[in-house]
Amino acid sequence: MTRISGLMRPASHAGLSPGALVADPASIRPTIRLIAYSPDDIVEIQDCDIESALAARGSRDVVWIDVVGLGDVELIARIGRAFGLHHLALEDVVNLMQRPKVEEFDDHAFIVLRMMVHGRRPETEQMSIFVGEGFVISFQERPGDCLDAVRRRLRRGRGRVRREGADYLAYALIDAIVDGYFPVLEAFGEEIEQLEDEVLDSPRPEHVHRLHGIKRDLLLIRRALWPTRDMVNIIVRDEVEVFGRQARTFMRDVYDHSVQLMDVVETYREIASGLVEVYLSSQSARMNEVMKVLTIISTIFIPLGFLAGLWGMNFEHDSMFGMPELQWKYGYPAALGLMLAVALSLLWYFRRKGWIGRGGDQ
């Protein structure tokens, strides 16, 4: 599981000798799924014991040992000794915060990927794959993956997967893991499209929270895909020995998919950022409209308040400088009429200037 606290090496690993295996306390007890096959035959054991899994090597052209759960370092070490896996690579298997990469050893290659875990919010888990002559060994953090399509192809015996070697099986696993990102990004695309309509029609504060959540999730996916693209490119360009020419040819397609995914992620991040700016702009425009209305109302009441205050002084009407209109029988309606005329004149002026309504010269 990808966590912020997992961006650095756990403190419990500090000072250990290179290759020391320390399992995450949260890791589950491992189970082994075995698939051994040749072009005309296949054997599959769902819950295989370690002895049967180790003995299967050499019984068929290719053996795929899929270990689900990393809570038993003794079992992992035993598999490593049986297949001659490098101890530093085994250490990376149980250290769950590895970046996608490929490392080449004398007779095998070690590949790390981030596999999507589908849930309410997207998460990734580490998938470690060892590829050697006649074997593929994969290590997953927990049950549930996107590799069922590969297993079905193996059972049916259709296509190349049963006729080719372990390198082609490794390609098929990498391809399935990379393609597992497409449904997740498709869901993001639909959510962003819906948010775009809502933000333009009736922007609300919760839209910003959803957009920031999308940007955070897309950043997680980007951090998984960026090194994956580089890793696939190394296999294609640098000719990792365990991958034959045929498998490297197919790996080019995986590279194209990873580049396409990166483009989609970047596009969605830009759209999400743009929607946040649209929301802020709409809120600013709305605030400006409110302030304009309040300013117009205040401007209208300034002369009205002046007139009301003027006549409210109540100076003696019989004085030379008095206010004789205070005793005029039509004084009150005349004052109201004058105030109404002033208000209407101001409204007409504001409309003519285009400050309110749709008409007027700017």
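Structure: see above.
Residues numbered from 1 in each chain as written. Predicted model: local features only at pLDDT ≥ 70, side-chain atom pairs only at ≥ 80, totals over all residues. Heavy atoms only, no water.

**What to know about the sheet that holds strand β3 (residues 62–68)**
Consideration 1: Read across the sheet, seven strands follow the order β2-β1-β3-β7-β6-β5-β4 without closing on themselves; strand pairing throughout is mixed. What marks the edges here is a single partner per strand, and that holds for β2 (41–48) and β4 (101–104). Ignoring strand direction, the axes of neighbouring strands in this sheet form an average angle of 15°.
Consideration 2: Strand direction decides the pairing type here: strand β1 (residues 31–38) and β3, joined by seven bridges, are antiparallel. Residue pairing in the sheet places Ile32 in a bridge with Val67 of β3. (Pairing = 2+ DSSP bridges. Helix = DSSP H or I, 4+ residues; strand = E, 2+ residues; numbered from the N terminus. Axes fitted to C-alpha atoms, helices over the stretch in contact; angles between N-to-C directions.)

**Notes on the packing of helix α4 (residues 148–156) against helix α5 (residues 166–179)**
Consideration 1: Contact geometry of α4 with α5 gives a least axis separation of 9 Å together with a crossing angle of 145°. For the pair α4 and α5, contact is made by Val150, Arg153 and Leu154 and by Tyr168, Leu169, Ala172, Leu173 and Ala176, respectively.
Consideration 2: Grouping the amino acids of the contact of α4 with α5 by side-chain chemistry returns seven nonpolar, no polar and one charged. (Contact = heavy atoms within 4.5 Å. Nonpolar A, V, L, I, M, F, W, Y, C, P; charged D, E, K, R; others polar.)

**Digging into the environment of Pro203**
Consideration 1: Here Pro203 shows up in the loop between α6 (181–201) and α7 (205–238).
Consideration 2: What makes Pro203 partly exposed here is its relative accessible area of 22%.
Consideration 3: Along the chain, Pro203 and Gln283 lie 80 residues apart, while their C-alpha atoms are 7.9 Å from each other.
Consideration 4: Filtering out sequence-adjacent residues up to four positions away, Pro203 remains in contact with Glu198, Tyr279, Ser282 and Gln283. (Buried < 20%, exposed > 50% of the residue type's maximum accessible area, 1.4 Å probe, protein only.)

**Observations regarding the nonpolar core**
Most often, soluble globular proteins have nonpolar side chains that are buried together.
Consideration 1: Core analysis: the biggest nonpolar cluster contains 58 residues, and Ile111, Leu169, Ile174, Ile221 and Ile235 have the highest contact counts within it.
Consideration 2: Sequence-distant contacts of Leu169, defined by excluding residues within four places in its chain, comprise Tyr37, Val62, Trp64, Val136, Val150, Leu154 and Val161.
Consideration 3: Core analysis: the next-biggest nonpolar cluster, separate from the first, contains 28 residues, Ile50, Val67, Ile76 and Phe139 among them. (Core = buried A, V, L, I, M, F, W, Y, C linked by side-chain atoms within 4.5 Å.)

**Some thoughts on a negative patch on the surface**
Consideration 1: On the surface, Glu186, Glu190, Glu193, Glu196, Asp197 and Asp201 cluster together into a negatively charged patch.
Consideration 2: Note on placement: Asp197 falls in helix α6.
Consideration 3: Exposure remark for Asp197: the relative accessible area of 44% places this residue in the partly exposed category. (Patch = residues over 30% accessible without salt bridge, like charges linked within 9 Å, V, L, I, M, F, W, Y side chains within 5 Å. Areas by Shrake-Rupley, 256 points an atom, 1.4 Å probe, with all protein chains shown as cover. Salt bridge = Lys/Arg side-chain N within 4 Å of Asp/Glu carboxyl O. Lys, Arg positive; Asp, Glu negative; His and termini not counted. Charge placed at Lys NZ, Arg CZ, Asp CG, Glu CD.)

**Some remarks on the packing of α6 against helix α8 (residues 245–311)**
Consideration 1: The interhelical angle for the contact between α6 and α8, taken along N-to-C directions, is 20°, at an axis separation of 10 Å. Classed by the angle they form, the pair α6 and α8 counts as roughly parallel. The two elements α6 and α8 meet at a crossing, and its hand is left-handed. Touching Tyr181, Phe182, Leu185, Phe188, Gly189, Ile192, Leu195, Glu196, Val199 and Leu200 of α6 are His257, Gln260, Leu261, Val264, Val265, Tyr268, Ile271, Leu275, Val278 and Tyr279, all from α8.
Consideration 2: Residues of the contact of α6 with α8, tallied by class, amount to 16 nonpolar, three polar and one charged. (Parallel < 35°, antiparallel > 145°, perpendicular 65-115°, else oblique. Left-handed = near helix turned anticlockwise from the far one by under 90°.)

**Quick word on the packing of aromatic side chains**
Consideration 1: Within the structure shown, the criterion is met by seven aromatic pairs.
Consideration 2: Taking 6.0 Å as the distance between ring centres and 85° as the angle between the ring planes, the aromatic pair formed by Phe130 and Phe139 counts as edge-to-face.
Consideration 3: The buried category is assigned to Phe130, whose relative accessible area is 0%.
Consideration 4: For Phe139, a relative accessible area of 1% translates into the label buried.
Consideration 5: One cation-aromatic arrangement involves Arg229 over Trp226; the distance from NZ or CZ to the ring centre is 4.5 Å. (Phe/Tyr/Trp six-rings, centres within 6.5 Å; stacked < 30°, edge-to-face > 60°. Lys NZ or Arg CZ within 6 Å of the ring centre and 35° of its normal.)

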